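The residues making up each chain are set out below.
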Amino acid sequence: MLTPCPQNNAILKSVIDISAEAASDIIQCRQDGFTVHKKQDRSTVTTVDRRIEHFIIEKLRHVTPDIPVIAEESVSEGRAPLYGDTYWLVDPIDGTDEFAAGGDDFAIHIGLVHLGQPIIGVVTLPGHNIQYYAARGHGAWRKNADGETRITCASPAPEHLRVVTSRRCMNLPHFAAWRKNYEIDSIVPAGSSIKFMQVAEGAADIYPRFTPSMEWDTAAPQAIIEEAGGSIRDLSGDILRYGKAGWLNSSFICCSDHVRDRVIWA
Ligand SMILES: Nc1ncnc2c1ncn2[C@@H]1O[C@H](COP(=O)(O)O)[C@@H](OP(=O)(O)O)[C@H]1O
Ligand SMILES: [Mg+2]
């Protein structure tokens, strides 16, 4: 376990500002109009994803010149810098499909990975005007129009689980089989990293994901959920780690520590 580091808190403050500036720009771009393209893997990208990623990379280079930035769209275009023990993982828009369709459930992710673990995370929801953030040892926080509030997973956890998951996951046979093993209160679909944030702020207890995700989809949210009293684990119960082949995550379960002993790990 890494210890709290005052320097990380200083870096976090800069990243919160960078992400807020990127959020304003996304809202402006949405008003001005943008174009939608398909990547080689047939997934969606917009001119806004690329613009925001470029902005974030330039800003991070200024704040932490020695830390390489691994970012979704650059990797898609075959541009990933050499990296070592410490690197940024950036998703300029998580939930691009939702953003391109005019919805509000999309997020900006900026996460700092050190020795395979995310130690700083900022998740901004431009469409909801909310920021979530954490640095290892400094707690998890939410900032909105009401100010800054410390967030934690629900304690005590309710008897029946409040499940949140991806719309893509809800109709999968794997999910149908999984849910049969649990006493469930509700199953609510949500887009992008809103699912992680709902667990982190106590609005949901568990987020199972049986469809693919990339490391930039989870790094920033994982830093936050871990500071809020939860975790993201593979189906064997091992904490999700970073720097894997192709930046691809396995299926995972994100849950509050208060329900972890109810989860059936493989
Ligand atoms: N087949 C696939 N392979 C890898 N990642 C996938 C995928 N299908 C969806 N994703 C990831 O899931 C994210 C959307 O999550 P959700 O379905 O929970 O809203 C996408 O984020 P992007 O929008 O950044 O591409 C993408 O990274
Ligand atoms: Mg993205």
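A quick note: this is a predicted structure, and the numbers were derived from the prediction, not measured.

Neighbouring ligand 1 are 16 residues; Gly-95, Arg-168, Lys-195, Arg-209 and Asp-217 lie closest to it. Within the backbone of Gly-95, a nitrogen or oxygen atom sits 2.7 Å from an oxygen atom of ligand 1. With respect to ligand 1, the side chain of Asp-217 contributes an N or O atom lying 2.6 Å from an oxygen atom. With the chains in place, 76% of the 570 Å² that ligand 1 exposes on its own is no longer accessible. Listing elements by their share of the shell around ligand 1, those giving two or more residues are strand E4 (86-94) and strand E13 (213-214). Across the shell around ligand 1, the residue classes break down as 3 nonpolar, 6 polar and 7 charged. Two domains each provide a minimum of three residues to the shell around ligand 1, namely domain 1 (6-150) and domain 2 (161-262).

Among the 9 residues in E4, 8 count as buried, and that is most of the element. Across 3 bridges, the pairing between strand E3 (residues 69-71) and E4 is parallel. Residue pairing for E4: Ile-70 is matched across the bridge by Leu-89. By the bridge criterion, 7 bridges tie E4 to strand E5 (residues 107-114) in an arrangement that is antiparallel. Bridge pairing in E5 places Asp-94 opposite Ala-107.

This brings us to the coordination of the magnesium ion (ligand 2). Note on the magnesium ion (ligand 2): its protein donors are Glu-72 (OE), Asp-91 (OD) and Ile-93 (O). The metal-donor distances range over 2.0 to 2.1 Å. Going along the chain, you hit the donors of the magnesium ion (ligand 2) in the pattern E-x18-D-x1-I. In this pair, Glu-72 sits in helix H3 (residues 72-76) while Ile-93 sits in strand E4, placing the two residues 21 residues apart along the sequence. Judged on exposure class, the residue Glu-72 and its partner Ile-93 are both buried.

Glancing now at the sheet that holds strand E7 (residues 130-135). Strand order in the open sheet formed by 7 strands is E3-E4-E5-E6-E7-E8-E9, and the pairing between neighbours is mixed. Either end of the sheet is taken by a strand with one partner, and the two such strands are E3 and strand E9 (147-151). Pairwise comparison of adjacent strand axes, ignoring direction, gives a mean angle of 20 degrees for this sheet. Its contacts with the sheet put helix H1 (residues 6-32) on E4, E5, strand E6 (117-125), E7 and strand E8 (140-144), and the angle it makes with E6 is roughly 30 degrees. Each of E3, E4, E5, E6, E7, E8 and E9 is contacted by helix H8 (residues 215-228), which is oriented at about 100 degrees to E6, the strand it contacts most.

Burial analysis of E5 places 7 of its 8 residues in the buried class, which makes it a mostly covered element. Relative to E6, E5 runs antiparallel, the two sharing 7 bridges. By the bridge assignment, Gly-111 is partnered in E6 with Gly-121. Linking two consecutive strands that pair antiparallel, namely E5 and E6, is a turn of 2 residues; a positive phi of about 50 degrees is found at Leu-115 within it.

Taken from the UniProt record, the annotation "binding site: substrate" (unreviewed entry) applies to Glu-72, Ile-93, Asp-94, Gly-95, Thr-96 and Asp-217. Annotated residues spanning 146 residues; largest pairwise C-alpha distance 12.2 Å, indicating a single compact cluster. For Ile-93, a relative accessible area of 1% corresponds to the buried category. Leave out the neighbours within four places in its chain, and Ile-93 touches Ile-26, Thr-46, Val-48, Asp-49, Glu-72, Phe-99, Phe-106 and Ala-107. What Gly-95 contacts, discounting residues up to four positions off in sequence, is Asp-105, Phe-106 and Ser-192.

Cut-off values and rules
Residues numbered from 1 in each chain as written. Chains lettered and ligands numbered in written order. Predicted model: local features only at pLDDT ≥ 70, side-chain atom pairs only at ≥ 80, totals over all residues. Heavy atoms only, no water. Near = heavy atom within 4 Å. Polar contact = N/O pair within 3.5 Å; in protein donor to acceptor, adjacent residues only side chain to side chain. Areas by Shrake-Rupley, 256 points an atom, 1.4 Å probe, with all protein chains shown as cover. Helix = DSSP H or I, 4+ residues; strand = E, 2+ residues; numbered from the N terminus. Nonpolar A, V, L, I, M, F, W, Y, C, P; charged D, E, K, R; others polar. Domains from an automatic or database assignment. Buried < 20%, exposed > 50% of the residue type's maximum accessible area, 1.4 Å probe, protein only. Pairing = 2+ DSSP bridges. Donors = N, O, S within 2.8 Å, 3.2 Å for Na, K, Ca; no water. Axes fitted to C-alpha atoms, helices over the stretch in contact; angles between N-to-C directions. Contact = heavy atoms within 4.5 Å. UniProt positions renumbered as here; feature names shortened; annotations may be inferred.

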